[in-house]
Amino acid sequence: MTTELIAQAISIVTIVGWLIHLLYKHCYRKIAMRRMIWKYLQDSFMDGYDVMESYRKMIQKACAEDAKERFRKKTDI
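Reading guide: rules and limits
- Residues numbered from 1 in each chain as written.
- Predicted model: local features only at pLDDT ≥ 70, side-chain atom pairs only at ≥ 80, totals over all residues.
- Heavy atoms only, no water.
- Patch = residues over 30% accessible without salt bridge, like charges linked within 9 Å, V, L, I, M, F, W, Y side chains within 5 Å.
- Areas by Shrake-Rupley, 256 points an atom, 1.4 Å probe, with all protein chains shown as cover.
- Salt bridge = Lys/Arg side-chain N within 4 Å of Asp/Glu carboxyl O.
- Helix = DSSP H or I, 4+ residues; strand = E, 2+ residues; numbered from the N terminus.
- Buried < 20%, exposed > 50% of the residue type's maximum accessible area, 1.4 Å probe, protein only.

### Thoughts on a nonpolar patch on the surface
Part 1: Judged by side-chain polarity, Met33, Met36, Ile37, Trp38, Tyr40 and Leu41 come together as a nonpolar surface patch covering roughly 700 Å² of accessible area.
Part 2: For Met33, the position within the fold is in helix α1 (residues 2-76).
Part 3: Residue Met33 is classed as partly exposed on the basis of its relative accessible area of 43%.

### Details of the pattern of salt bridges
Part 1: Going through the model one piece at a time under the given rule, you end up with three salt bridges.
Part 2: We note a salt bridge from Asp43 to Lys39, for which the minimum N-O separation is 3.6 Å. Pair noted here: Asp43 and Lys39 are both in helix α1, with a separation of four residues, about one helical turn.
Part 3: Glu53 is the salt-bridge partner of Arg56, the closest N and O atoms lying 2.6 Å from each other. Note that Arg56 and Glu53 are positioned in helix α1 at a spacing of three residues, about one turn of the helix.

If you want it as structure tokens, here you go:
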């Protein structure tokens, strides 16, 4: 009787441990996938931000040069 209880307890613990392990692996994969997607979104956002920042600097430089040109033309007249 006691050995049967011990055998049942061991089998229950083994099954529960195996289920917990599967659940852990499933959750770990989901978390890893979310981290990977989040990192990709951050990287793509930063790439887009860098491009927009470079465009802004180019436009600002062109406007400054245009303003200097107009100022020179006004002072020449």
